[in-house]
Structure formats: structure tokens, C-alpha cells
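Here are the chains, one letter per residue:
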Amino acid sequence: MDAKAASFGAGRAGAAFDPVSFIREPRTILRVLSWVFSMVVFACIINEGYVNQGSERLHCVFNKNSDACNYGVVIATVAFLASVGLLLLDAIFPQISTVRDRRRLVLLELAFSGLWTFLWFVGFCFMANQWSQTSPEELPLEQASDAARAAIAFSFFSILTWAALTLLAVQKFLQGTDLSLFSSGPKQPCSPIGQTTVTVNHYKTPPLVQTMETRPPDYHAPPPAF
């Protein structure tokens with residue numbers, strides 16, 4: 001879409017919704033991928049991320065560090081819900097009529113996408129570090145190793161998708177807005193700075209006509225009587 005005819009990446013409010021074009025947009029594809037990746041990380045940790053070692057107590061597969069498992073579950077859960085919410089927001093965004101609301105939503109999307117890119121990076125480094133320190137002698141890793149590697153791999157993929165979404169949000173914000181999309185009347189020409197517009201009244205009052213009394217040329221006014 002042409003930036004000159006758009007407001008923060010969307011056209012005039014009230015336009016018809018095209019589901020085919022919406023599905024084909026890069027932002028929509030990245031939202032769906034982020035949603036899938038977060039679901040994979042969540043499922044890997046919840047289903048096979050905990051193992052027992054000769055007792056009923058379960059240990060996190062990442063070096064028995066429960067913080068690594070809890071961190072992965074939390075950021076994956078929030079990313080799962082946020083992907084759905086932002087996808088719905090993308091669908092209704094062109095129907096928002098005010099520039100102020102569009103700007104606030106774009107800033108919210110930009111801040112959240114940037115934050116979750118960073119949190120996924122931290123989670124990837126955290127889980128990869130703890131996995132590298134995990135010893136097969138301490139934990140039975142025959143069943144949990146594939147799930148741990150999958151969680152780490154899809155955490156890395158999530159970094160890429162959320163980073164791409166952050167860049168798209170920056171691009172949308174930089175597009176700004178064309179105020180002509182939201183104005184109903186014609187624009188009035190503005191006077192240059194430092195000049196004053198003076199209204200000229202073309203209907204002037206006719207000048208006063210003085211009437212002179214006609215007297216003979218040799219007429220003299222009588223002297224005043226005392």
C-alpha cells in the first residue's frame with residue numbers, strides 16, 4: 001500500500017475487509033508462525049520437560065533448574081496469547097477511524113514485539129546454557145533430550161519471527177499518517193508566515209455631496225445688527 005495514501009499502514013476507515021489479502025500479508029504469516037513456535041515450546045516443556053530420578057519428584061530437564069522450565073513456559077504462554085490478540089488487532093486496525101488510536105496501537109505493538117524479541121533471546125540463551133551443563137549421569141535423558149532440543153530450537157526461531165514483527169512495526173510507525181484521509185471538508189489555503197490577510201469591502205459608502213446655495217455675484221451679506 002502506498003504510504004502517501006495510508007495512515008500507519010492502513011487506508012481510510014470503513015474500507016471492505018479482504019480476507020485473502022490479509023492472509024497473504026507478511027505480518028499475518030509471521031503472527032501465525034510465532035503462535036505455532038510458542039505452542040511447540042510450551043508443549044515440549046510441559047509434556048517431556050520434567051523427568052524423575054528414582055523418586056516421585058520431577059526435575060526440570062535443563063540441569064534440574066526449574067527456573068529454566070518455568071521461564072520457557074511463561075514466555076511461551078504469553079507469546080501464544082499475544083499472537084492471537086495481535087492477529088485480531090491487525091484485522092480490525094483498518095476500521096479504526098482516529099489517528100490517535102492508530103498511533104497508540106502501533107506504539108503498543110512496537111513495544112511488545114521488541115520486548116518479546118529480547119525475552120525470547122534470554123530464554124534461548126538460558127535454556128541452551130543449562131542444557132549444555134546437563135549430565136546424562138544425573139538425569140535419564142533418553143526420552144527428554146528430543147523435547148529439550150526442540151524447545152531450544154523453536155525458541156531461536158521465535159527470536160527471528162518476533163524480530164521481524166518488530167521491524168514491521170517500526171516501518172508502520174514511520175509511515176505516519178495522511179490527515180487528508182480523516183478530513184471531510186476541502187482544505188483552506190493558509191497565509192504565509194508573517195503576512196496578514198486583509199478583507200477588502202467593495203461596498204463603499206458614497207461620499208457626501210455638499211449642496212451650495214446659488215446667490216447673485218454682487219450679493220453681500222448684511223452686517224450684523226447691534
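All figures in this text were calculated on a predicted structure; none of them were measured in a lab.

Rules used in this analysis
- Residues numbered from 1 in each chain as written.
- Predicted model: local features only at pLDDT ≥ 70, side-chain atom pairs only at ≥ 80, totals over all residues.
- Heavy atoms only, no water.
- Helix = DSSP H or I, 4+ residues; strand = E, 2+ residues; numbered from the N terminus.
- Contact = heavy atoms within 4.5 Å.
- Buried < 20%, exposed > 50% of the residue type's maximum accessible area, 1.4 Å probe, protein only.
- Core = buried A, V, L, I, M, F, W, Y, C linked by side-chain atoms within 4.5 Å.
- Disulfide = S-S within 2.5 Å.

**Describing the environment of G72**
Working step 1: Mapped onto the fold, G72 is located in helix α3 (residues 66-92).
Working step 2: With 80 residues separating them along the chain, G72 and I152 place their C-alpha atoms 9.3 Å apart.
Working step 3: Apart from residues no more than four positions distant in its own chain, G72 is found in contact with V41 and I45.

**Here we look at unusual backbone geometry**
Working step 1: Positive phi is not limited to glycine here, since N63 has a value of about 60°.
Working step 2: Note that N63 resides in the loop between β2 (58-60) and α3.
Working step 3: Judged by relative accessible area, which is 23%, N63 ranks as partly exposed.
Working step 4: Its identity is not glycine, yet K64 carries a phi of approximately 60°, on the positive side.

**As for the nonpolar core**
Working step 1: I45, V61, F62, W116, W120, W131 and W162 are the most contacted members of the largest nonpolar core, which totals 32 residues.
Working step 2: The set of elements that each furnish at least two residues to this core consists of α2 (26-48), α3, α4 (99-132) and α5 (144-175).
Working step 3: With ten residues, the single largest contributor to this core is α5.
Working step 4: Setting aside residues no more than four positions away along its own chain, W120 makes contact with S38, V41, I75, A76, A79, S155, S158, I159 and W162.

**A few points about the state of the cysteines**
Working step 1: For the structure on display, the rule yields one disulfide.
Working step 2: Across a sulfur-sulfur distance of 1.9 Å, C60 and C69 are joined as a disulfide pair. Where C60 bonds to C69 through sulfur, the torsion about that S-S bond is close to 85°, and the disulfide is right-handed.
Working step 3: Note on C69: relative accessible area 0%, which makes it buried.

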